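# Fold and geometry: a report
Chain by chain, the residues:
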Amino acid sequence: MAVADPPVPELTARANACADRLRAADRVLLASHIDADGLTSGAIASTALERAGIDHEVVFEKQLDAESIAGIAAREFDVVLFTDFGSGQLDSIAEHEDRGDFVPVIADHHQPGDRDTEFHLNPLLEGINGASELSGAGASYVLARALEGPDGDNRDLAALAVVGAVGDMQDSDGGLVGANEAIVADGVDAGVIEAQTDLDLYGRQTRPLPKLLEYASDVKIPGVSNDEAGAIAFLTDLDVDVKRDGEWRRWVDLDGEERQILASGLMRRAVASGVPADRIEALVGTSYTLVDEEPGTELRDVSEFSTLLNATARYERADVGLAVCLGDRGDALAEARRLLRNHRKNLSEGLQWVKNEGVTEEENLQWFDAGSRIRETIVGIVAGMALGSPALDRSKPVIAFAEESAEELKVSSRGSHALVRQGLDLSAVMREASQAVGGDGGGHDVAAGATIADRERDAFVAEADRLVGEQLS
């Protein structure tokens, strides 16, 4: 059945072909990635398959490599649906397809490999940017819309697609753009999303006001950012009742007029402190609220929801993250919150370690090797936080290493959108530099990863430095 108003028309033909193949399957194995985008991708696809009456099982993989693909093939499913990965691993997947092990259906947004396959839904194949305009969850959502039956409407799944896109940092310039905007519009029409211009700070739903301002690190406001006493003094000077019954209020507790007073005061402080105009503009962006979730909880704000999901799968508890995405607000949510507290502690300690140890500067990039001190599943997040802090030089991308096994290193790289506009493509850097030393990698222009042998670290750094230099010259 063709969808009357497909959210991303350029992908309709591919989505319909994938949906038809899934409907024809006796049963499907759904394999997805473990970050926030991967979890929401899996949850969207699983819900859509269930609503379409398609028998399926769900598995999550930390990374999709030859070994994990062989494990998937050994499960003996006729059809395997890959979400939020698969495009970059098509060479390995195609070998199994050629042998008749399974028919792959792929809904992904990462850079495709050299091979192709018949059922392949990826925005990059139709000229849509997969790093900034459509996430893995967005690709899954487009597929979910194509799977709608005569009685069903999957537009409510737009809520999870927006969580995935924001978790994939696709809103980093103040809001979602491109195909993502069409998905937001679907969610607004379905009554599950509210989008509005707001103060663009993390923690609007859950953080007490002093912590909201103290931890707001994207735009540094002297005397407020990273300054608990300064944040409290700033709030106390405002003509706003910032406490109720002795407790600090949260942004979500303020009414429209109070929010306006606080935001204006913050802007005035930024101007007076000499913060550049373009940074001051970054204080305001589009907030996405999930209206069915309880106010004041992590699930109400898409940024906080995505962080909660990252805290589950990166600690081998993808089952918990999936259950939360599928609506479990009891035991799974309680466990996710416990994991989130642990995740925050690990990120804070990891960032402190990078600040203490510093980075090694090459001509075109900077890098650090955390060994076993930072978990390999979160070293990329730590690298991104470090790049946004005064500890690192924002004019160069950062590469982070962490121990994956006794012989292998996980590599994570992060850049800025400003560097991407100058020509940086970390997906190509990670792929080419890792393959030059016998490893493999890929991802997006602004964030990518690889796996290499630990003995090849220095050779990898030299090759990556050369490649970045070529791109930015």
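Residue numbers here run from 1 along each chain, matching the order of that chain's written sequence. The predicted origin of the model limits local features to residues at a pLDDT of at least 70 and limits the giving and counting of side-chain atom pairs to 80 or more, whereas totals for whole chains, interfaces and linings rest on all residues. To get the side-chain values, take all heavy atoms of the structure and skip hydrogens and water.

As recorded in an unreviewed UniProt entry, the protein chain goes by Recombinase RecJ and comes from Halorubrum saccharovorum.

Here the focus is the overall build of the protein chain. When helices and strands are counted, the protein chain shows 18 helices and 15 strands. We compute the radius of gyration from the C-alpha atoms alone; for a globule the expected value is 2.2 Å times N to the 0.38, where N is the number of residues. For 473 residues, the compact-globule formula gives about 23 Å, and the C-alpha radius of gyration of the protein chain, at 22 Å, lands near that figure. Summarising its shape, the C-alpha atoms of the protein chain cover approximately 70 × 55 × 40 Å along the three principal directions. Buried positions account for 54% of the 473 residues belonging to the protein chain. Charge convention: Lys and Arg are scored as positive, Asp and Glu as negative, and His as well as the terminal groups of each chain are ignored. Where a charge sits is defined by one atom per residue type, namely NZ (Lys), CZ (Arg), CG (Asp) or CD (Glu). Positive and negative side-chain charges of the protein chain, numbering 44 and 87 respectively, have mean locations separated by a distance of 5 Å. Numbering of helices and strands runs from the N terminus, with a helix taken as a DSSP run of H or I at least four residues long and a strand as a DSSP run of E at least two residues long. Burial here depends on accessible area, computed with a 1.4 Å probe over protein chains only, as a share of the maximum for the residue type. Under 20% is buried, over 50% is exposed, and the range in between is partly exposed.

The subject of this paragraph is the layout of surface pockets. Lining residues are those with an atom within 4 Å of a point, where the points come from a 1 Å grid over the protein atoms alone and group into cavities, where a 1.4 Å probe fits but cannot get out, or pockets, open sets with protein on both sides within 12 Å along at least five of seven lines. Grid points are joined across faces, edges and corners, and a volume is the space filled by probe spheres set on the points. For the second largest pocket, the calculated volume is near 370 Å³. Every residue lining the second largest pocket is counted, 19 residues in all, and those nearest its centre are Asp-156, Ala-159, Leu-160, Glu-293 and Cys-325. Of all the elements in the fold, those that place two or more residues in the lining of the second largest pocket are α2 (36-51) and α6 (158-167). Looking at the lining of the second largest pocket, the element that brings in the most residues is α2, giving four residues. As a working rule, the residues Ala, Val, Leu, Ile, Met, Phe, Trp, Tyr, Cys and Pro are called nonpolar, Asp, Glu, Lys and Arg charged, and the rest polar, with Gly in that last group. Grouping the amino acids of the lining of the second largest pocket by side-chain chemistry returns 10 nonpolar, three polar and six charged.

Before going further, it helps to spend a moment on the UniProt feature "domain: DDH" (unreviewed entry) in the protein chain. Under the local residue numbering, the UniProt record ascribes the feature "domain: DDH" (unreviewed entry) to residues 28-162. The span residues 28-162 is 37% helix and 19% strand, and its two end C-alpha atoms sit 25 Å from each other. UniProt positions are given in the numbering used here, feature names are shortened, and annotations may be inferred rather than shown by experiment.

Moving on, we come to the environment of Thr-297. Relative to the elements of secondary structure, Thr-297 occurs in the loop between β9 (284-290) and α12 (302-313). Between the alpha carbons of Thr-297 and Asn-16 there is a distance of 37 Å; along the sequence they are 281 residues apart. For Thr-297, the residues in contact, after removing those within four places along its chain, are Gln-205, Thr-206 and Arg-337. Here a polar contact is taken to be a pair of N or O atoms separated by no more than 3.5 Å, where protein atoms must pair a possible hydrogen donor with a possible acceptor and residues adjacent in sequence count only if both atoms sit in side chains. From its side chain, Thr-297 meets the backbone oxygen of Glu-294 in a polar contact 2.7 Å long. Contacts were defined at the residue level, with two residues in contact if any of their heavy atoms lie within 4.5 Å.

Attention now moves to the domain arrangement of the protein chain. Domain boundaries assigned for the protein chain yield domain 1 (9-186), domain 2 (206-344) and domain 3 (358-472). Where each domain begins and ends is defined by an automated method or by a domain database. The C-alpha-based centres of domain 1 and domain 3 are spaced at 26 Å. Residue-level contacts link 13 residues of domain 1 with 13 residues of domain 3. Throughout, buried area stands for the accessible area (probe radius 1.4 Å) lost by two parts on being put together, summed over both. Of the roughly 890 Å² buried at the junction of domain 1 and domain 3 (both faces included), carbon and sulfur atoms supply 48%.

Running from amino to carboxyl end, α12 crosses helix α14 (residues 331-357) at an angle of 85°, the nearest separation of the two axes being 8 Å. It follows that α12 is roughly perpendicular to α14 by the angle criterion. Of α14, the residues touching α12 (which contributes Thr-307, Leu-308, Asn-310, Ala-311 and Thr-312) are Leu-333, Ala-336, Arg-337, Leu-339, Leu-340 and His-343. Tallied by class, the residues present in the contact of α12 with α14 amount to six nonpolar, four polar and one charged. Between N-to-C directions, angles span 0 to 180 degrees; the directions come from axes that are lines fitted to C-alpha atoms, helices contributing only their stretch in contact. Oblique is the label for any angle not under 35 degrees, not over 145, and not in the 65 to 115 range, which are roughly parallel, roughly antiparallel and roughly perpendicular in turn.

Before going further, it helps to spend a moment on the nonpolar core. Most often, soluble globular proteins have nonpolar side chains that are buried together. Here the nonpolar core consists of buried residues drawn from Ala, Val, Leu, Ile, Met, Phe, Trp, Tyr and Cys, with membership extended through side-chain atoms lying within 4.5 Å. Membership of the largest hydrophobic core comes to 87 residues, with the highest contact counts inside it found for Leu-22, Leu-81, Leu-143, Val-162, Phe-368 and Ile-374. A per-element tally of this core places α14 first, with nine residues. Setting aside chain neighbours within four positions, we find Leu-22 in contact with Val-28, Leu-49, Ile-54, Val-79, Leu-81, Val-105, Leu-143 and Leu-147. The next biggest cluster of nonpolar side chains, apart from the first, holds 24 residues, and it includes Leu-199, Ala-216, Trp-251 and Ile-280.

The sites that UniProt annotates as "domain: DHHA1" (unreviewed entry) are residues 380-469. Taken end to end, residues 380-469 has its terminal C-alpha atoms 21 Å apart, with 41% of it in helix and 27% in strand.

Glancing now at the packing of aromatic side chains. Each aromatic pair joins two rings of Phe, Tyr and Trp (for Trp, the six-membered one) with centres within 6.5 Å, and gets the label stacked for planes under 30 degrees apart, edge-to-face for over 60, and tilted for any other angle. According to the stated counting rule, one finds five aromatic pairs in the structure shown. Here Phe-82 and Phe-85 contribute two aromatic rings whose centre-to-centre distance is 6.4 Å and whose plane-to-plane angle is 65°, an arrangement assigned as edge-to-face. Phe-82 sits in the buried class, given a relative accessible area of 0%. We classify Phe-85 as buried; its relative accessible area is 4%. Considering the side-chain rings of Phe-82 and Phe-102, the 6.0 Å spacing of their centres and the 55° angle between planes classify their relative orientation as tilted. Of this pair, Phe-82 sits in strand β3 (residues 79-83) while Phe-102 sits in the loop between α4 (90-99) and β4 (103-107), and the two are 20 residues apart along the sequence. Each member of the pair, Phe-82 as well as Phe-102, carries the same accessibility label: buried. Counting every residue linked through ring pairs, the aromatic cluster contains Phe-82, Phe-85 and Phe-102. Directly above the aromatic system of Phe-77 lies the positively charged group of Arg-27, at a separation of 4.0 Å from the ring centroid. By definition, being over a ring means that NZ of Lys or CZ of Arg is both within 6 Å of the ring centre and within 35 degrees of the ring normal.

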